[in-house]
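Geometric and topological summary
As a plain string of letters, each chain reads:
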Amino acid sequence: MRRLPEPSAPRDDEGGYQEPRSNVAPGSFAEVRRLMPKAAQLLQGLEAEGWAVSESNRYDRPGTRFSRDFILNNQKYPELVVKIAYLPANVPNTPNIDIIMLSTENLTGETATEYRGLRQWSFAKIKQKFEDIGDFFEDALKPLRVKLREQTKSVALRDAAVFQNFLKLAGANNHQVADQVMQHIRAKVSPRFEGSSSPCPKIP
């Protein structure tokens, strides 16, 4: 079967969504600020603290939408990562969706490596080792998640100033938000309530 060529992006005189023209470099802080003007204070704070864009991706085809994501890293905090997602509105009179998240996804060590490996198991492989999927979650993933929660808690408390500043900037200097989240992080890890739905270790 002959493969049809990919459609080209719309010209100026054609319909369809067109990405706004800009002279900012793709994958830069300047691009993120242009896409998310309401997050200017948080983005400015991150850049001032030494966070840098290490990866950026575009997911939608030309002529439709231009969803973007960005990964920010900081050499001072190797276990931490800032993940940014921008989803432009696809329907008139609806807002864009902006997501900025501080996570411990770069956590390393034997437990994190084993957990990520198990998350890649196919259903067929799980059935070879466990009677049902519930046993896999309960007996294989959950114990590792409890350990990872303790480890991410330690990282978050060690770098508490980073999290507190991020929360204050994200919450428009609402100190109650930062205090509530940090209180949640300090809480005792309960194996009873530790789920298995998250694909990688994150701060609660």
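Residues numbered from 1 in each chain as written. Predicted model: local features only at pLDDT ≥ 70, side-chain atom pairs only at ≥ 80, totals over all residues. Heavy atoms only, no water.

Observations regarding the overall build of the chain
Check the secondary structure of the chain and you find seven helices and four strands. Counting from the amino terminus, the chain carries its helices and strands in the arrangement α-α-β-β-β-β-α-α-α-α-α. Here the chain, with 204 residues, has 35% of them falling under the buried criterion. Long-range contacts, defined as pairs at least 24 residues apart, comprise 55% of the intrachain contacts of the chain with a sequence gap of at least 6. On the chain, roughly 12,900 Å² of surface is accessible, and the fraction owed to carbon and sulfur atoms is 52%. (Helix = DSSP H or I, 4+ residues; strand = E, 2+ residues; numbered from the N terminus. Buried < 20%, exposed > 50% of the residue type's maximum accessible area, 1.4 Å probe, protein only. Contact = heavy atoms within 4.5 Å. Areas by Shrake-Rupley, 256 points an atom, 1.4 Å probe, with all protein chains shown as cover.)

Overview of the pairing of strand β3 (residues 81–87)
With five bridges joining them, strand β2 (residues 68–73) and β3 adopt antiparallel strand pairing. The partner of Arg68 across the bridge, within β3, is Tyr86. (Pairing = 2+ DSSP bridges.)

Observations regarding the environment of Asp159
With respect to the secondary-structure elements, Asp159 resides in the loop between α5 (133–158) and α6 (160–170). Along the chain, Asp159 and Tyr77 lie 82 residues apart, while their C-alpha atoms are 8.1 Å from each other. Leaving out residues up to four positions away in the same chain, Asp159 has contacts with Tyr77 and Leu80.

Quick word on the sheet that holds β2
Taken in spatial order, the four strands line up as β1-β2-β3-β4 in an open sheet, and their pairing is antiparallel. Because the sheet does not close on itself, it has two edges, and the strands there are β1 (52–58) and β4 (97–103). Adjacent strand axes in the sheet meet at a mean angle of 15 degrees, parallel and antiparallel pairs treated alike. As judged from the seven bridges shared by β3 and β4, these two strands associate in the antiparallel manner. Looking at β4, one finds that Tyr86 is bridged to Asp98. (Axes fitted to C-alpha atoms, helices over the stretch in contact; angles between N-to-C directions.)

Comments concerning the pattern of salt bridges
Within the structure shown, the criterion is met by six salt bridges. Across the pair Lys142 and Glu138 runs a salt bridge whose closest N-O atoms are separated by 3.8 Å. Taken together, the positions of Lys142 and Glu138, both in helix α5 and four residues apart, correspond to about one turn of that helix. On the accessibility criterion, Glu138 (46% relative accessible area) is partly exposed. A salt bridge links Arg158 to Asp159, with the shortest nitrogen-to-oxygen separation between them at 2.9 Å. Taken together, the salt bridges that share partners define one network made up of Glu79, Arg158 and Asp159. (Salt bridge = Lys/Arg side-chain N within 4 Å of Asp/Glu carboxyl O.)

Things to note about the packing of α5 against helix α7 (residues 175–186)
For the pair α5 and α7, the least separation of the axes is 9 Å and the interaxial angle reads 140 degrees. One element, α5, and the other, α7, form an angle in the oblique class. Two packed elements cross with a definite hand, and for α5 against α7 that hand is left-handed. Facing Lys153, Ala156 and Leu157 of α5, the residues of α7 in contact are Met182, Ile185 and Arg186. The residue inventory of the contact of α5 with α7, partitioned by class, reads four nonpolar, no polar and two charged. (Parallel < 35°, antiparallel > 145°, perpendicular 65-115°, else oblique. Left-handed = near helix turned anticlockwise from the far one by under 90°. Nonpolar A, V, L, I, M, F, W, Y, C, P; charged D, E, K, R; others polar.)

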